[in-house]
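Take a look at the letters that make up each chain.
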Amino acid sequence: CTKKAKMAKDNTNGLAMCRVLLAELEAHQDAWPFLTPVNHKAVPGYRKVIKKPMDFSTIREKLANNQYLNLETFIIDVNLVFDNCEKFNEDDSEIGRAGHNMRRFFDERWTELLM
Ligand SMILES: Cc1ncccc1N[C@@H](C)c1cnc2ccsc2c1
């Protein structure tokens, strides 16, 4: 197949993996803080501190609207969820611990799928 066709196939496979990975993230027992956008009216200071909010429902929406070019651009948004969590939440807190658990789970899963 041509290089372009191979690229297209890789992106198709990459996007299939995004769907698998996102479904597993959403189903994880520690996903609860990340399922919907943080309501900055309920969380004082969030809008000021976190410049690029991201959550699993927004990622789901972007995936449905074909806004991820490939697995890499998807992984950037997932990592944004966890980086925002680390920035705003103490490591020794309910949400902070959930963020660390979810990042560990995600890192293990996508490397398994790619290796
Ligand atoms: C991921 C995250 N980071 C910082 C703050 C919140 C959250 N999660 C939201 C869902 C959340 C989680 N818990 C509560 C409790 C009262 S409002 C609210 C909103």
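The coordinates are above.
Residue numbers run consecutively from 1 along every chain, following the written order of its sequence. Given that the model is predicted, a residue must reach a pLDDT of at least 70 before its local features are reported, and side-chain atom pairs must reach 80 or more before they are shown or counted; all residues, however, enter totals for whole chains, interfaces and linings. Hydrogens and water are ignored here; the side-chain numbers use all heavy atoms of the structure.

**Description of the nonpolar core**
Grouped burial of nonpolar side chains is what soluble globular proteins tend to show. To keep things clear, this is the line we draw: As used in this record, nonpolar core signifies buried Ala, Val, Leu, Ile, Met, Phe, Trp, Tyr and Cys residues forming a set joined through side-chain atoms within 4.5 Å. Whether a residue is buried, partly exposed or exposed follows from its accessible area with a 1.4 Å probe, protein chains only, as a fraction of its type maximum: under 20%, in between, or over 50%, in that order. Here a helix means four or more residues in a row that DSSP labels H or I, a strand means two or more in a row labelled E, and each is numbered from the N terminus.
Ranked by internal contacts, the top residues of the largest apolar core, which has 24 residues, are Phe56, Ile59, Phe74, Phe82 and Phe106. Among the elements that make up this core, the one with the highest residue count is helix H4 (residues 71-88) (eight residues).

**Thoughts on the site of the ligand**
Keep this limit in mind: Nearness is defined per residue: one heavy atom within 4 Å of the molecule or strand is enough. Polar contacts, as counted here, are pairs of nitrogen or oxygen atoms within 3.5 Å of one another; within protein the pair requires one atom able to donate a hydrogen and one able to accept it, and residues that are adjacent in sequence qualify only if both atoms are side-chain atoms. Using a 1.4 Å probe, the Shrake-Rupley method yields the accessible areas, and only the shown protein chains count as cover for residues.
Every residue close to the ligand is listed here: Pro33, Phe34, Val38, Ala42, Val43, Tyr46, Phe88, Asn89 and Ile95. A distance of 3.1 Å separates a nitrogen atom of the ligand from a polar atom in the backbone of Pro33. At a separation of 3.3 Å, a nitrogen atom of the ligand approaches a polar side-chain atom of Asn89. Within the complex, 68% of the 440 Å² of free accessible area of the ligand lies under protein.

**Section: the environment of Met102**
Where we set the bar: Contact criterion: two residues are considered in contact whenever any of their non-hydrogen atoms come within 4.5 Å of each other.
Here Met102 lies in helix H5 (residues 94-114). Exposure remark for Met102: the relative accessible area of 0% places this residue in the buried category. Taking C-alpha positions, Met102 is 9.8 Å from Val81, a pair spaced 21 residues apart along the chain. Dropping the residues within four chain positions of it, Met102 is found in contact with Leu25, His28, Asp30, Ala31, Phe34, Phe56 and Phe82.

**As for the packing of aromatic side chains**
Definition in use: Each pair of aromatic rings taken from Phe, Tyr and Trp, with Trp reduced to its six-membered ring, is defined by centres within 6.5 Å and is described as stacked if the planes are under 30 degrees apart, edge-to-face if over 60, and tilted in the remaining cases.
Within the structure shown, the criterion is met by seven aromatic pairs. Aromatic side chains Phe34 and Phe82 sit 6.2 Å apart centroid to centroid with 90 degrees between the ring planes, which places their arrangement in the edge-to-face category. Taken together, the positions of Phe34 in the loop between helix H1 (3-27) and helix H2 (46-49) and Phe82 in helix H4 put the pair 48 residues apart, joining distant regions of the chain. Overall, the relative accessible area of 5% leaves Phe34 in the buried class. By relative accessible area, Phe82 is classed as buried at 1%. Members of the aromatic cluster, connected to one another through ring pairs, are Phe34, Phe56, Tyr68, Phe74, Phe82 and Phe106.

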